[in-house]
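Report on the structure
Spelled out from the first residue to the last, the chains are:
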Amino acid sequence: MTNGSSSNKKYILQAGKLSLKDLREFYSQGVQLVLESKAQQAIARSCQTLQSLLATNKPIYGINTGFGLLAQQQIPSHKLEELQTKLVLSHAAGVGPLLSDEIVRLIMILKVNALAQGYSAVRLDVIEMLLFFLAHDIYPCIPSKGSVGASGDLAPLAHMSLPLIGHGQVRLNGEIQDTAGALTHYGLQPLTLGPKEGLALLNGTQVSTAIALAACFNIENIFSSAVVFGAMSVDAARGSDSPFDQRIHQLRGHSSQTEVARTYRDLLKGSAIRASHIHCKRVQDPYSLRCQPQVMGACLDQLRFAASRLEIESNGVTDNPLIFSDTGEILSGGNFHAEPVAMAADMLAIVIAEIGALSERRIALLVDHNLSDLPPFLVDNCGLNSGFMIPQVTAAALVSENKSLAHPASVDSLPTSANQEDHVSMATFAARRLLDMSENTAYIIAIEALAACQGVELRKPLTTSKPLQKAMSIIREKVPFYQEDRQHSLDIEETRGLVKDGEFNPFMSAGMMLSFA
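What you see is a predicted model; the values in this text were computed from it and never measured.

So, the packing of helix H9 (residues 206-236) against helix H11 (residues 255-268)
Look at H9 against H11: their axes get within 10 Å of each other, and the N-to-C directions meet at 55 degrees. Classed by the angle they form, the pair H9 and H11 counts as oblique. Between H9 and H11 lies a crossing of right-handed hand. Together, Phe223, Ala226, Val227, Val228, Gly230, Ala231, Val234 and Asp235 of H9 and Val260, Thr263, Tyr264, Leu267 and Leu268 of H11 make up the contact between the two elements.

Notes on the sheet that holds strand S6 (residues 169-172)
Taken in spatial order, the three strands of this open sheet run S4-S6-S7, and their pairing is antiparallel. In the strand order of this sheet, the two ends are held by strand S4 (138-140) and strand S7 (175-178), each with one partner. Adjacent strand axes in the sheet meet at a mean angle of 35 degrees, parallel and antiparallel pairs treated alike. The sheet contact formed by S6 and S7 spans four bridges and is antiparallel. Residue pairing for S7: Gln169 is matched across the bridge by Asp178. Here helix H4 (residues 101-115) sits on the sheet and contacts S4 and S6; the angle it forms with S4, its principal contact strand, is near 90 degrees.

Section: the side chain of Asn64
Turning to its location among the elements, Asn64 is positioned in the loop between helix H2 (37-54) and helix H3 (80-91). At 2.8 Å, the side chain of Asn64 forms a polar contact with the backbone oxygen of Lys58.

What to know about H3
Here H3 spans 17 Å end to end across twelve residues, near enough to the 16 Å set by a 1.5 Å rise per residue. Taken residue by residue, H3 has Leu80, Leu83, Gln84, Leu87 and Val88 as its buried positions. The arc enclosing the buried residues of H3, seen along the axis, measures out at 130 degrees, which places them on a common side.

What to know about the pattern of salt bridges
Two side chains with opposite charge may pair up if their charged atoms get near one another. As enumerated under the stated definition, the model contains 20 salt bridges in all. Between Lys9 and Glu25 there is a salt bridge whose closest N-O contact spans 2.8 Å. Residue Lys9 is located in strand S1 (residues 9-13), and its partner Glu25 is located in helix H1 (residues 20-28); the two are separated by 16 residues in the primary sequence. Residue class for Lys9 comes out partly exposed when judged on its relative accessible area of 48%. Exposure remark for Glu25: the relative accessible area of 26% places this residue in the partly exposed category. As a salt-bridge pair, Arg304 and Glu259 come within 2.9 Å of each other at their nearest N and O atoms. Here Glu259 lies in helix H11 and Arg304 lies in helix H14 (residues 292-314), a separation of 45 residues in the sequence. On the accessibility criterion, Arg304 (19% relative accessible area) is buried.

Notes on the environment of Ile323
Along the polypeptide, Ile323 turns up in strand S8 (residues 322-324). Judged by its relative accessible area of 0%, Ile323 falls in the buried class. Spatially, the C-alpha atom of Ile323 lies 7.4 Å from that of Thr49, the residues being 274 residues apart in sequence. Ile323 has contacts with Ser46, Thr49, Leu50, Gly118, Tyr119, Ser120, Ala121, Lys196, Glu329 and Ile330, leaving out every residue within four places of it along the chain.

Conventions used here
- Residues numbered from 1 in each chain as written.
- Predicted model: local features only at pLDDT ≥ 70, side-chain atom pairs only at ≥ 80, totals over all residues.
- Heavy atoms only, no water.
- Axes fitted to C-alpha atoms, helices over the stretch in contact; angles between N-to-C directions.
- Helix = DSSP H or I, 4+ residues; strand = E, 2+ residues; numbered from the N terminus.
- Parallel < 35°, antiparallel > 145°, perpendicular 65-115°, else oblique.
- Left-handed = near helix turned anticlockwise from the far one by under 90°.
- Contact = heavy atoms within 4.5 Å.
- Pairing = 2+ DSSP bridges.
- Polar contact = N/O pair within 3.5 Å; in protein donor to acceptor, adjacent residues only side chain to side chain.
- Expected span 1.5 Å × (residues − 1).
- Buried < 20%, exposed > 50% of the residue type's maximum accessible area, 1.4 Å probe, protein only.
- Arc of directions from axis to C-beta.
- Salt bridge = Lys/Arg side-chain N within 4 Å of Asp/Glu carboxyl O.

In short, shape yes, function no, at least from these values alone.
Listed below in structure tokens is the structure:
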């Protein structure tokens, strides 16, 4: 491994101690991981223990036996390396679009984090090749479909492992190329996998976890934006800030609800629009304005819980069997079953669906002159101009799509491997559909952001609060006021980029999200 040096940021990996903040940073940019000496010692002990166990010639699942239903067939010692190679090749059966480089990077980091804890009997050479790939942004091509989330993410992790043995394809500088050329370029030789190494690479929940983490980070960005523009919609619709009064939320007792209500109060504080109708005759606002702390607080609770489960899973050892060097034992279990990830992903699906559903109702309210007292469809000379009529239709279509995608994946199971693996988690799909759902909701929030900005500006000369003026200025740097009809999709795309990039995260209070300050 001599050719090329890494420009990626160096990070000393304490195996099993990655935080959500670390993982968010690794998702957004390349990294050069360096193992602690403590991890290297644990790895060496694990390999030594395995060699001692193999010397007894007793059958050990997946090491000197077949796999799944073929576990009863013992493999002779001179075939053990071939067994691991064939395992990787035969399990590389994934299909569909390739996972993004960002997700593949997370997958590799999570795999290294698990193997480096010293319970998997994988040699340092194997882990160091994964580290080299990470340092030089060499990303295995991993198809996104083909895993049922038990026994781990077998097919996609096989595709991750193919380049280590000189097979498959990698993406380098955004271009797909055969692994052989990439290895030659960097002066690398394909590995010959030793006993258990193929199994340890393929077993585990790293793919479903990485995809769920990517979605979780997206949802955090969307949540922040939804709160900001939900508050702006209150002002645009001349809604009341009374429902955000601290006393109301303290009586219910949900801390996240109380926290979110405080954020709405802070965002609306000092609004001249609000001051102009303090004594108006409207008694109550529609739920999409009034009940935002209750809905978004509940979403925040579930978002935090799901994120905490994913952080635990990211630091777990999930291959099988596991080597316990302190007692010289090898134990077969089921940590590869990704039910915790599947259920966390199902929670996140509900969260992102509800964020989008509430936002769409606010968009519908703003474009309805009878509810908002704004010009119909938020545009002057309505009739000649259609204004925001069809963006609301787009938002409604996306909300409906999310409803279908929100059905829990974890309640489904199909037996595999001739009924040996008779209950599976479907965690990989549970996580993968979150990417589509978060994309849909980012568009919905973008449409609300544009509608809310439009509504506030139609209230001139009255102005909104200072924080919301700042949020509006971020939008207006990209998208001007909608004076007359023009193509909406360009504006929506620009604004969606701001939402997805987390431009409105700084408006949240410190510590609200687990993965950023």
